[in-house]
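# Structure at a glance
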Amino acid sequence: MTEPAPRRCRDDLPFRRIALVLSGGGALGAYEVGVLRVLETAALRPSILAGVSVGAINAVLWLANGFRAVPLERVWLGLRASTIGMRWITLLMRALGAAVMAVAGIQTVLTLMGSPALSPHAIFVHALPERADAAGAVLDILAWVLVGLFGALIVRGSRSSEDWLARFSPPRDPMRLHRIFGVALAAGVIVHVVTWAAGIPWPHRFSATVLLVGSVVWFANRPGRAGDRLRRMMLRIAPETQGRGLWGSEARRRLIERIVAGGDPAALTRPDTHLIISACAIGSGNMCYFVNWPDPAPEFRERIANAVGQVVPLATVTEIIEAAVASSAVPAVFEPVRLGGQELVDGGVFSNQPLHAALADGADAMVVVLVSPSAGPAHAEREPHLLELGGRLLEIANWRNLQTELRALPPGWSREPGASGGAPARVCVVEPEAPLPGGPYGYSTAHSVELMRRGSRDAWRALAAAGWLAPGHEPTHETAHEPGGPPPIAPSTRTAPRA
């Protein structure tokens, strides 16, 4: 029995400078990994990689790993919200610390104003005749002041705890600390119950309080329905005490650094493949387009400036990784990232599909990967909490931006191949047929597997619809690649023509 020929792009594909545009979408970035596996199998290697938010991270990791999707698949299959720094324990610490500070402050004022022994009349007229009452009131005040200072330490330490957790919670086993904490919590419950039942002296009230708070923390970090319900409740009531973002960026930074180091970091600074990462500068409002080549053409700079943006060349791997971290700093969710003297946030807020940047760099065709249907954002009557409401608003903004970008394409740029069947379309749009499961913050293995499967399936369909596949290599649903294993057919050694 003869082996079937590998699926590949047509040999006469007329384009010389193909761009790949990867949009943002948080956990939906797993869909893009399925698309990258298809491009690898079809031996279509873009000359330009333009990425935003999670698309920027995927672009950096794909380029650093030699356009191989397997390292990305492994990461996404083990990815959890905690892996990228969305640790509910730090959010709870900040909320708890703020609550302790508030209660301590109120109790300090009430003790001072509610004690007759400390009134001006008692102090100056009677010269504190009730010394015992006065001393007790002063001790109460000092105790509440100490409690308030303890709450302030909790709030202050929550940021450093993020860095500590990012350092000691390995991405390969993101639930290790959760399991250790669960064992310690169970041991504490046993000690508490045994001492309580046997009448052994023990600080039972304090112990019960610690175990109750610890149980809330454990459930808040636990995957599954119970954890989801508790996190939704926390998002409705938890305040943000620092005003910069719910979480920091150290976990994302360390994750990207580890995956890049496992590949060829120097590939990120080689100008043969242009890398464009976009982020929004808070101070100026401009879109910053970070590029990995040293001498952007004046025409490129001018076209970016006309789109209210600026071009920032990067020279080192560290700078490129930091640009990817900045591009994925979702406002209010993650704190802004400082790079090149500017504070930056997620570029997808205002330009989630930077088609114009790829065009400005001389692209003559492009593959655009969307994580939501281009027909329009899915309708929802009511989002249950802050993150889902924010995700909904971003989805609407991204859809509006896409319509603007598509309408601004030059004449002759179309998603449809030529009427004669000989000319392939210049724009190949890979998009889901329906809203993807999980949403931007639904990090789980099950969601990642399904998203990569759909991305692979939709990529083959899009390449076929655009007329980019060689004759006889149209995909079928049965042969779609399942992530996590080898592709069904070995990839071709052909690469797309390049400038």
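Data block above holds the structure.
Residues numbered from 1 in each chain as written. Predicted model: local features only at pLDDT ≥ 70, side-chain atom pairs only at ≥ 80, totals over all residues. Heavy atoms only, no water.

Next up on the list: the packing of aromatic side chains. For the structure on display, the rule yields four aromatic pairs. Relative to Phe300, the ring of Trp293 has its centre 5.6 Å away and its plane inclined at 50 degrees; by these criteria the two rings are tilted. Across from the ring centre of Phe334, 4.3 Å away, lies the NZ or CZ of Arg252, which sits over that ring. Across the ring face of Trp413, the terminal group of Arg426 is positioned such that the distance to the ring centre comes to 5.6 Å. (Phe/Tyr/Trp six-rings, centres within 6.5 Å; stacked < 30°, edge-to-face > 60°. Lys NZ or Arg CZ within 6 Å of the ring centre and 35° of its normal.)

If you look at the biggest cluster of nonpolar residues, it comprises 82 residues, and the most contacted ones within it are Leu20, Val60, Ile256, Leu275, Phe290, Leu463 and Trp468. It is helix α2 (residues 54-64) that provides the largest number of residues to this core, a total of nine residues. (Core = buried A, V, L, I, M, F, W, Y, C linked by side-chain atoms within 4.5 Å. Buried < 20%, exposed > 50% of the residue type's maximum accessible area, 1.4 Å probe, protein only. Helix = DSSP H or I, 4+ residues; strand = E, 2+ residues; numbered from the N terminus.)

Per the counting criterion, the structure on display carries 13 salt bridges. For Arg253, the salt bridge is made with Glu322, and the minimal N-O distance between the two is 2.8 Å. Within this pair, whereas Arg253 is found in helix α10 (residues 250-261), its partner Glu322 is found in helix α12 (residues 317-327), the two being separated by 69 residues in sequence. In this structure Glu322 comes out as buried when scored by relative accessible area, which is 15%. In this structure, Asp458 and Arg457 form a salt bridge, with 3.2 Å as the shortest nitrogen-oxygen distance. (Salt bridge = Lys/Arg side-chain N within 4 Å of Asp/Glu carboxyl O.)

Turning to helix α7 (residues 176-198), a few remarks are in order. The end-to-end C-alpha distance of α7 is 33 Å, a good match for the 33 Å that 23 residues give at a rise of 1.5 Å each. Note on α7: the residue one or two positions beyond its end, Gly199, has a positive phi of about 70 degrees. (Expected span 1.5 Å × (residues − 1).)

It is worth spelling out the pairing of strand β1 (residues 18-22) at this point. Summarising burial for β1: five of the five residues are buried, a large majority. Neither face of β1 is left uncovered, since the one carrying Ile18, Leu20 and Leu22 and the one carrying Ala19 and Val21 both have all their residues buried. Of the strand pairs in this sheet, β1 and strand β8 (residues 365-369) are connected by five bridges, and their pairing is parallel. Of the residues in β8, the one forming a bridge with Leu20 is Val367. By the bridge criterion, four bridges tie β1 to strand β2 (residues 48-52) in an arrangement that is parallel. Bridged to Leu20 within β2 is Leu49. As for the winding sense of the linkage, the β-α-β connection from β1 through helix α1 (residues 29-41) to β2 is right-handed. (Pairing = 2+ DSSP bridges. Right-handed = clockwise from strand over helix to strand, strands pointing away.)

Time to look at the side chain of Ser278. With respect to the element layout, Ser278 can be found in strand β3 (residues 274-281). By relative accessible area, Ser278 is classed as buried at 1%. Excluding anything up to four places from it in sequence, Ser278 contacts Gly51, Val52, Met287, Cys288, Tyr289, Ser327, Gly347 and Ser351. (Contact = heavy atoms within 4.5 Å.)

Position of Ser448 relative to the elements: it lies in helix α15 (residues 445-465). Judged by its relative accessible area of 4%, Ser448 falls in the buried class. Those residues in contact with Ser448 that sit more than four places away from it in its chain are Ala30 and Trp76.

A word on the packing of α1 against α2. Running from N to C, α1 and α2 cross one another at 35 degrees; their axes reach a closest spacing of 10 Å. When the axes of α1 and α2 are compared, the crossing they make is right-handed. Of the residues in α2, those in contact with Gly29, Glu32, Val33, Leu36 and Leu39 of α1 are Val54, Gly55, Asn58 and Trp62. (Axes fitted to C-alpha atoms, helices over the stretch in contact; angles between N-to-C directions. Left-handed = near helix turned anticlockwise from the far one by under 90°.)

This brings us to the pairing of β2. Burial within β2 is extensive, with five of its five residues counted as buried. Residues Ile48, Ala50 and Val52 line one face of β2 and the alternating positions Leu49 and Gly51 line the opposite face, and both faces are buried. As defined by bridge partners, β2 adjoins β3 across five bridges and the pair is classed as parallel. Directly across from Ile48, in β3, lies its bridge partner His274.

Relative to the elements of secondary structure, Gly455 occurs in helix α15. For Gly455, a relative accessible area of 0% gives the class buried. Taking the C-alpha atoms as reference points, Gly455 and Pro432, 23 residues apart in sequence, are found 7.5 Å from one another. When residues no more than four places from it in sequence are discounted, the contact partners of Gly455 are Tyr31, Gly34, Val35 and Val430.

Right, let's talk about the environment of Pro46 for a bit. Note that Pro46 resides in the loop between α1 and β2. Separated by 27 residues in sequence, Pro46 and Ala19 place their C-alpha atoms 5.4 Å apart.

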